[in-house]
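# Structural overview for review
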Amino acid sequence: MQELITKAIPTGVHVITVRSRDKINGMAAAWTTQVSFDPAMIAVAIAPARYTHDLIKESGYFCVNTLPVEAEDIARHFGFRTGRKTDKFNGVSYTSALNGSPVLDSACIYLECKVVHAYEIGDHTLFIGSVVDSGELKKDATPLIFRWESFFGKKSK
Ligand SMILES: Cc1cc2nc3c(=O)[nH]c(=O)nc-3n(C[C@H](O)[C@H](O)[C@H](O)COP(=O)(O)O)c2cc1C
């Protein structure tokens, strides 16, 4: 198969957090973007195998934690292990958004969203959320830009 050039599409790096009753989790996500200005709405593409996917389905909420450039280690922490087997929040500082989603102290902004649409798109689910709570934790932060090679090496697609 031809080398995928979609890898070069610039995006940020976020941790999508979620709370469903007594369970919390978070995962790194690059496929996240604003899709409506008024009302403010956010789309996140999440593969059905992710534990975060199950919890978003259960709770109907997710929270985008946008990472600054100095928080690449946080992206790795949340992006290379599943919350099914480990508590990823152990040792990680966070507070809570209006509806209980974790807000990472290391994020520069957070956007808690209520799911208003969910579409199966290829091998991911596209959750569209309406922003119900938001905040800026770090003024004038430089956001971390996703580079495929930085996280997954040269050869993988
Ligand atoms: C930088 C980075 C970006 C990622 N972006 C996405 C994404 O947009 N969608 C997705 O489904 N998985 C993405 N992943 C993979 C998940 O973060 C990873 O599978 C995670 O371990 C899932 O955790 P969970 O099972 O606890 O939900 C990304 C991983 C990294 C490191």
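Each remark here, short or long, concerns the structure printed above.
Described in the following lines is the structure provided in the data block. (Residues numbered from 1 in each chain as written. Predicted model: local features only at pLDDT ≥ 70, side-chain atom pairs only at ≥ 80, totals over all residues.)

Once that is clear, we can look at the site of the ligand. As a matter of local geometry, the ligand sits amid 23 residues, with Trp-31, Thr-52, Gly-79, Thr-82 and Gly-83 nearest to it. Of all the secondary structure elements, the ones that give two or more residues to the shell around the ligand are β2 (23-29), β4 (41-46), α1 (51-59) and α2 (72-79). At four residues, the largest contribution of residues to the shell around the ligand is made by β2. (Near = placed C-beta within 6 Å. Helix = DSSP H or I, 4+ residues; strand = E, 2+ residues; numbered from the N terminus.)

Counting 33 residues, the largest nonpolar core has Ile-16, Phe-62 and Cys-63 as its most contacted members. Mapped onto this core, the elements with two or more residues apiece are β1 (14-20), β2, β4, α1, β5 (61-66), α2, β7 (102-104) and β8 (109-121). Sort the elements by how many residues they give to this core and β5 lands first, with four residues. With residues near it in sequence (within four places) discarded, Ile-16 still touches Gly-26, Met-27, Ala-29, Val-44, Ile-46, Thr-52, Phe-62, Cys-63 and Val-64. (Core = buried A, V, L, I, M, F, W, Y, C linked by C-beta atoms within 7 Å. Buried ≥ 20, exposed ≤ 12 C-beta atoms within 10 Å, placed from the backbone. Contact = placed C-beta atoms within 7 Å.)

It is worth spelling out α2 at this point. Residues of α2 that are buried include every one of Ile-74, Ala-75 and Phe-78, and no others. Around the axis of α2, the buried residues are gathered within 100° of arc, so they sit on the same side. (Arc of directions from axis to C-beta.)

Let us now look at the pairing of strand β3 (residues 32-36). Examined bridge by bridge, β3 and β4 share four bridges and lie antiparallel to one another. Within β4, the residue paired with Gln-34 across the bridge is Ile-42. Remark: four residues form the turn of the hairpin made by β3 and β4, two consecutive strands paired antiparallel. (Pairing = 2+ DSSP bridges.)

Read these as layout, nothing more, since geometry by itself doesn't imply function.
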